[in-house]
Amino acid sequence: MKIKKAVFPAAGFGTRFLPATKAIPKEMLPLVDKPLIQYGVEEAKSSGLSEIIIVTGMGKTAIEDHFDTSFELEKLLQERGKTELLRMIENVSGMVHFAYTRQKKPLGLGHAIGITRNLINNEPFAVFLGDDIIDSEVPVMRQMMEVHKRFGTTVLAVQKVPKSQAHLYGVIKGQKIGDGIYRVLDLVEKPQSNPPSNLAIIGRYILSPGIFNALEETKPGKGGEIQLTDALRILLRTQEIYALEFEGTRYDAGDKLGFLKANVSLALKRPELRAEFRKFLKDLKI
Ligand code: UTP
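Rules used throughout
Residues numbered from 1 in each chain as written. Predicted model: local features only at pLDDT ≥ 70, side-chain atom pairs only at ≥ 80, totals over all residues. Heavy atoms only, no water. Helix = DSSP H or I, 4+ residues; strand = E, 2+ residues; numbered from the N terminus. Buried < 20%, exposed > 50% of the residue type's maximum accessible area, 1.4 Å probe, protein only. Contact = heavy atoms within 4.5 Å. Areas by Shrake-Rupley, 256 points an atom, 1.4 Å probe, with all protein chains shown as cover. Lys, Arg positive; Asp, Glu negative; His and termini not counted. Charge placed at Lys NZ, Arg CZ, Asp CG, Glu CD. Near = heavy atom within 4 Å. Polar contact = N/O pair within 3.5 Å; in protein donor to acceptor, adjacent residues only side chain to side chain. Axes fitted to C-alpha atoms, helices over the stretch in contact; angles between N-to-C directions. Parallel < 35°, antiparallel > 145°, perpendicular 65-115°, else oblique. Left-handed = near helix turned anticlockwise from the far one by under 90°. Phe/Tyr/Trp six-rings, centres within 6.5 Å; stacked < 30°, edge-to-face > 60°. Salt bridge = Lys/Arg side-chain N within 4 Å of Asp/Glu carboxyl O. Core = buried A, V, L, I, M, F, W, Y, C linked by side-chain atoms within 4.5 Å.

Student: Which residues make up the overall build of the protein, and what are the values?
Tutor: Across its full length, the protein holds 11 helices and 13 strands. By its C-alpha atoms, the protein is 60 × 50 × 40 Å across when sized along the principal axes. Considering the protein as a whole, with its 286 residues, one finds that 48% of them fall into the buried category. Looking at the protein alone, contacts between residues at least 24 apart form 75% of all its contacts between residues at least 6 apart. Of the roughly 15,100 Å² that the protein leaves accessible, carbon and sulfur atoms contribute 53%. Computed over 41 positive and 34 negative side-chain charges, the inter-centroid distance for the protein is 4 Å.

Here is the structure:
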């Protein structure tokens, strides 16, 4: 079944980035010149997804404004003959179809996904965590869709992490069945000791609609939140789950250090900035 919809849970408080995120949604922090969430939306579009559902919460209206048309700004750019900028602004609002739903309390990632049930209609769908910026030749979601085409069931993006960092992630126990493809045998959210492997779940998922029933059964877990990993574990009792070790470089841009790394690497890839920025970095002599 073709996947058309992508859910972007964006109702978290972004506490790792305070005070910047007190009044500005984390998703709107700029990486070079685009807000974080736009990178994910562009990846969704270039993977062939046409409907974006953003789960928002308190203080997140800037996200809706960003993807809306801005009549005054477009008129001003037109009057001033700034056609390049005008085209860029029109591209943002005309990118895909957007729908918004609101999570009234931040009860966890699993809960945020659960409230999109009536917008999904019993189809497989994609989930993007906007903090995870992945720089890759083939968009990661497109890589995952190939796996979904083959198995027709839930697909998780995974990446090898040092065992010392496994406690920060959901971690799978997997059986390798092909090039970068694993059949998931078990999953644990943020294992405090003895992680089942070094394969950590990264913020891209293709979920079968069966996840909604699993989410309804899921009790609050780590941090008192409804955890998606716990719901996936319930789903695994009745359906197969696969994981793909994707090709690409991932930055956790919801974290200060990851955000800085992403800014530097992405800026170095921009033709209009590359030469001068490189020179600046070299001159730092660190
Ligand atoms: P994070 O764990 O990154 O939480 O959530 P956060 O609140 O955004 O950031 P920190 O850790 O406090 O700095 C993972 C994803 O799930 C969403 C977040 O917006 C983020 O995209 N989320 C989390 C929700 O939509 N609702 C929630 O209740 C919790």
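Student: Hey, could you go over the site of the ligand for me, with residue numbers and the actual values?
Tutor: Taken together, 17 residues lie near the ligand, and Thr 15, Arg 16, Lys 26, Gln 103 and Gly 108 sit nearest. One of the backbone nitrogen or oxygen atoms of Pro 9 is found 2.8 Å away from an oxygen atom of the ligand. Here a nitrogen atom of the ligand and a side-chain polar atom of Gln 103 are 2.7 Å apart. In the complex, 83% of the free accessible area of the ligand, which totals 570 Å², lies under the protein chains.

Student: Now, about the side chain of Glu 27: what can you tell me, with residues and values included?
Tutor: For Glu 27, the position within the fold is in the loop between strand E1 (5-9) and strand E2 (30-31). Among the polar contacts made by the side chain of Glu 27, one reaches the side chain of Lys 60 at a distance of 2.9 Å. When residues no more than four places from it in sequence are discounted, the contact partners of Glu 27 are Ala 10, Pro 35, Leu 36, Ile 37, Lys 60 and Ile 63.

Student: Mind laying out the packing of helix H3 (residues 71-79) against helix H4 (residues 83-93), listing which residues take part and the relevant values?
Tutor: Viewed as axis vectors pointing N to C, H3 and H4 meet at an angle of 155°, and their least axial separation amounts to 9 Å. Between H3 and H4, the crossing angle belongs to the class labelled roughly antiparallel. The interaxial crossing formed by H3 with H4 has left-handed handedness. Along the contact surface, H3 presents Leu 73, Glu 74, Leu 77 and Gln 78, while H4 presents Leu 85, Leu 86, Ile 89, Glu 90 and Ser 93.

Student: Let's hear about the packing of aromatic side chains: which residues, and what values?
Tutor: Overall, the coordinates contain 7 aromatic pairs when judged by the stated rule. Seen from their ring centres, Phe 98 and Tyr 100 are 6.5 Å apart, and the 15° between their planes marks the pair as stacked. For Phe 98, a relative accessible area of 14% puts it in the buried group. Plain terms: the ring middles of Phe 277 and Phe 280 are 6.3 Å apart, the flat faces sit at 10° to each other, and that makes the pair stacked. Residue Phe 277 and its partner Phe 280 are located together in helix H11 (residues 274-283), separated by 3 residues, close to a single helical turn. Accessibility expressed as a relative area gives 22% for Phe 277, which makes it partly exposed. For Phe 280, a relative accessible area of 46% corresponds to the partly exposed category.

Student: Break down the pattern of salt bridges for me, with residues and values.
Tutor: Here the idea is simple: oppositely charged side chains can pair when their charged atoms come close. Enumeration according to the criterion identifies 22 salt bridges in this entry. Among the salt bridges present, the one from Glu 272 reaches Arg 270, with a minimum N-O distance of 3.3 Å. Connected through shared salt-bridge partners, Arg 16, Lys 26, Asp 131 and Asp 252 make up one network.

Student: Break down helix H1 (residues 36-46) for me, citing the residues and quoting the values.
Tutor: Burial analysis of H1 places 8 of its 11 residues in the buried class, which makes it a mostly covered element. For H1, the full list of buried residues reads Leu 36, Ile 37, Gln 38, Tyr 39, Gly 40, Val 41, Glu 43 and Ala 44. Positive backbone phi, at 95°, marks Gly 48, one or two positions downstream of H1.

Student: Can you explain the nonpolar core? Please cite residues and give values.
Tutor: Core analysis: the biggest nonpolar cluster contains 38 residues, and Phe 8, Leu 49, Ile 54 and Phe 67 have the highest contact counts within it. Of the residues forming this core, the biggest block, 5 residues, is contributed by helix H7 (residues 140-151). The contacts of Phe 67, once residues within four sequence positions are left out, are Ile 37, Gln 38, Val 41, Ile 54, Val 92, Ser 93, Met 95, Phe 98 and Tyr 100. In this structure, Ile 120, Val 158, Ile 201 and Leu 207 belong to the second largest nonpolar core, which totals 32 residues.

Student: Can you break down unusual backbone geometry residue by residue, with the values?
Tutor: Of note, the amide linkage connecting Leu 18 to Pro 19 takes the cis form, showing an omega dihedral of 5°. As for its position among the elements, Pro 19 is in the loop between E1 and E2. Despite not being glycine, Asn 194 has its phi angle at roughly 45°, a positive value. Here Asn 194 shows up in the loop between strand E10 (181-189) and strand E11 (199-207). Since its relative accessible area comes to 72%, Asn 194 is described here as exposed. Residues other than glycine seldom take positive phi values, yet Lys 285 does so here, at roughly 45°.

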